[in-house]
Amino acid sequence: GGRDYASSQFNRVTQAQRQPGSAFKPIVYLAAMDPNRSPLHPPLTLASTLPDRPMSFNGWSPVNFERTYRGQVTVVQALSESLNVPTAYVGSELGAPLMVKTAHEMGIYADLPAVLPMAIGADEMTLLELTSAYQTFASMGEQATPYAVESVIDASGRQIYQHTPLTHQVIDPNVAYLMMGALK
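Residues numbered from 1 in each chain as written. Predicted model: local features only at pLDDT ≥ 70, side-chain atom pairs only at ≥ 80, totals over all residues. Heavy atoms only, no water.

### What about the side chain of Ser132?
Note on placement: Ser132 falls in helix α5 (residues 127-138). Beyond its immediate stretch of four places on either side in the chain, Ser132 contacts Met106, Gly107, Gln143, Ala144 and Pro146. (Helix = DSSP H or I, 4+ residues; strand = E, 2+ residues; numbered from the N terminus. Contact = heavy atoms within 4.5 Å.)

Next comes the structure, spelled out in structure tokens:
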């Protein structure tokens with residue numbers, strides 16, 4: 001919300017579109033590590049090495065925040081240090097349509113243009129969509145539709161409403177477990 005609900009009912013959690021930036025990178029690595037979705041043979045592991053050097057992808061040349069490069073890094077290093085170039089490389093190997101599909105399966109329903117810079121968070125989405133995607137990691141790969149009311153109890157203490165979660169498995173639980181460890 002804002003300072004005064006009477007003057008603006010704009011909900012920054014459900015309506016504000018903003019770039020997720022590096023918060024999108026775990027979704028890219030998840031897509032590359034999940035053997036049920038990755039086109040890479042074999043799929044990446046946390047110990048897989050990635051190039052970290054200046055690169056260009058059809059005219060787009062991402063750079064790391066510090067503008068330094070390490071030559072080769074592991075997936076877990078690239079993720080923990082939030083490196084742009086190795087993540088863009090992985091995104092180029094996956095293809096933008098797979099990154100969009102994975103994001104949608106994890107709860108990001110925004111109309112994401114299938115372009116490579118999305119790998120480093122260049123698209124826009126709501127905070128609710130991004131947190132919905134992250135809960136999928138925490139729930140061992142089960143995506144749950146966000147909701148606001150858990151239950152309603154009347155004045156007599158009787159429950160008159162109980163939310164029933166809507167969940168479905170979208171990530172291999174083993175891959176979700178590995179991503180949780182990497183994110184820690």
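Still more to cover.
### What to know about the nonpolar core
Counting 45 residues, the largest nonpolar core has Leu94 and Ile108 as the members making the most contacts within it. Within the residue set of this core, elements represented by two or more residues are α1 (25-33), α2 (75-80), α3 (84-94), α4 (96-105), α5 and α6 (173-183). Of the residues forming this core, the biggest block, seven residues, is contributed by α1. Setting aside residues up to four positions removed in sequence, Leu94 forms contacts with Val28, Ala31, Ala32, Ser38, Pro39, Leu40 and Met99. (Core = buried A, V, L, I, M, F, W, Y, C linked by side-chain atoms within 4.5 Å. Buried < 20%, exposed > 50% of the residue type's maximum accessible area, 1.4 Å probe, protein only.)

### Considerations on the packing of α1 against α6
As a packed pair, α1 and α6 sit with axes 10 Å apart at the nearest point and diverge in direction by 140°. The orientation of α1 relative to α6 falls into the category oblique. Read as a crossing pair, α1 and α6 show a hand that is right-handed. Between α1 and α6, the contacting residues are Pro26, Tyr29, Leu30 and Met33 on the first element and Val175, Leu178, Met179 and Leu183 on the second. (Axes fitted to C-alpha atoms, helices over the stretch in contact; angles between N-to-C directions. Parallel < 35°, antiparallel > 145°, perpendicular 65-115°, else oblique. Left-handed = near helix turned anticlockwise from the far one by under 90°.)

### Comments concerning a nonpolar patch on the surface
Together, Val149, Val152, Ile160 and Tyr161 make up a nonpolar patch on the protein surface, roughly 330 Å² of accessible area in all. Relative to the elements of secondary structure, Tyr161 occurs in strand β5 (residues 159-162). (Patch = residues over 30% accessible without salt bridge, like charges linked within 9 Å, V, L, I, M, F, W, Y side chains within 5 Å. Areas by Shrake-Rupley, 256 points an atom, 1.4 Å probe, with all protein chains shown as cover. Salt bridge = Lys/Arg side-chain N within 4 Å of Asp/Glu carboxyl O.)

### Examining the pattern of salt bridges
Within this structure, the stated rule accounts for six salt bridges. A salt bridge links Asp34 to Arg37, with the shortest nitrogen-to-oxygen separation between them at 3.2 Å. For Asp34, a relative accessible area of 1% puts it in the buried group. Each of Asp34, Arg37, Lys101 and Glu105 takes part in salt bridges that share partners, so that together they form one network.

### Concerning the packing of aromatic side chains
All chains considered together, the criterion is met by two aromatic pairs. Relative to Trp60, the ring of Phe57 has its centre 6.1 Å away and its plane inclined at 40°; by these criteria the two rings are tilted. Taking the relative accessible area as the measure of exposure, Phe57 reaches 13% and is therefore buried. Residues Tyr134 and Phe137 carry aromatic rings whose centres are separated by 5.6 Å and whose planes lie at 80° to one another, so their mutual orientation is edge-to-face. (Phe/Tyr/Trp six-rings, centres within 6.5 Å; stacked < 30°, edge-to-face > 60°.)

### Observations regarding the side chain of Glu129
Considering the arrangement of structural elements, one finds Glu129 in helix α5. Buried within the structure, Glu129 lacks any salt-bridge partner; its nearest side chain of opposite charge belongs to Arg18, at an N-O separation of 10 Å. Every residue in contact with Glu129, bar those within four places of it in the chain, is listed here: Gly107, Ile108, Tyr109 and Ala110. (Lys, Arg positive; Asp, Glu negative; His and termini not counted.)

### Regarding α5
The first and last C-alpha atoms of α5 sit 17 Å apart over twelve residues, in line with the 16 Å expected at 1.5 Å per residue. Residues Glu129, Leu130, Ser132, Ala133, Thr136 and Phe137 constitute the buried set of α5. Seen from one end, α5 has its buried residues packed into an arc of 160°, which puts them on one side. Contacts from the buried residues of α5 go to α1, β3 (142-144) and α6. Residue Met140 follows α5 closely and has a positive phi angle near 55°. (Expected span 1.5 Å × (residues − 1). Arc of directions from axis to C-beta.)

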